[in-house]
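Chain residues, written in single-letter form:
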Amino acid sequence: QLQLVESGGDLVQRGGSLRLSCAASGLPFSSLVMSWYRQTPGQERELVANITTDAGSTYYTESVKGRFTISRDNAANLLYLHMTNLLPLDTAAYYCKADSEDAGHYWGHGTQVTVSP
């Protein structure tokens, strides 16, 4: 079983920065495609960014391009989301997700990011 634990969420002012982390354990991290999603109350969970197993390719949703950077440290079993120039519309619970070819997909429990105007 894979366990994912997010951290780094906080209350920040508009224009501020945060780095979210997701610690993985239980499956070989380097075999997992990793993603960050976010969700606000009453809305569907939205894909923010993802990264391939070797970090060779990344994807970003349009609203975060140029502001957010996804990265991973396979040796330390860690996924990151570096967020800059934060806007109130970035306020959400942020979740990491792991996709395994053999074992399906897993979610963390989320970390809250709140951006004040």
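The structure contained in this document is the topic of the report that follows. In this text, all values refer to a predicted model and were calculated from it rather than measured experimentally.

**Here's the deal with the pattern of salt bridges**
So, point 1. Per the stated rule, a full pass over the model turns up five salt bridges.
So, point 2. Put simply, aspartate 90 and arginine 67 hold a salt bridge, and the shortest N to O gap is 2.7 Å. Of the two residues, aspartate 90 sits in the loop between β8 (78-83) and β9 (92-100) while arginine 67 sits in the loop between β6 (58-60) and β7 (68-73), which places them 23 residues apart along the sequence. Residues aspartate 90 and arginine 67 agree in their burial class; the two are buried.
So, point 3. Between aspartate 99 and lysine 97 there is a salt bridge whose closest N-O contact spans 3.6 Å.
So, point 4. For lysine 97, a relative accessible area of 12% gives the class buried.
So, point 5. Through salt bridges that share partners, Arg38, Glu46, Arg67 and Asp90 make up one connected network.

**Section: the pairing of strand β1 (residues 3-7)**
So, point 1. What you see with β1 is a clean split: Leu4 and Glu6 sit on the buried side and Gln3, Val5 and Ser7 on the side with no burial.
So, point 2. Sheet topology note: the β1/strand β3 (residues 18-25) ladder contains five bridges and is antiparallel. Bridging across to β3, valine 5 finds its partner in alanine 23.

**Structural notes on unusual backbone geometry**
So, point 1. Positive phi is not limited to glycine here, since alanine 55 has a value of about 65 degrees.
So, point 2. If you trace the backbone, alanine 55 turns up in the loop between β5 (46-51) and β6.
So, point 3. You will see that asparagine 77, though not glycine, has its phi angle at about 60 degrees, which is positive.
So, point 4. Position of asparagine 77 among the secondary structure elements: in the loop between β7 and β8.

Calculation criteria
- Residues numbered from 1 in each chain as written.
- Predicted model: local features only at pLDDT ≥ 70, side-chain atom pairs only at ≥ 80, totals over all residues.
- Heavy atoms only, no water.
- Salt bridge = Lys/Arg side-chain N within 4 Å of Asp/Glu carboxyl O.
- Helix = DSSP H or I, 4+ residues; strand = E, 2+ residues; numbered from the N terminus.
- Buried < 20%, exposed > 50% of the residue type's maximum accessible area, 1.4 Å probe, protein only.
- Pairing = 2+ DSSP bridges.

Function cannot be inferred from these measures alone, as they are strictly geometric.
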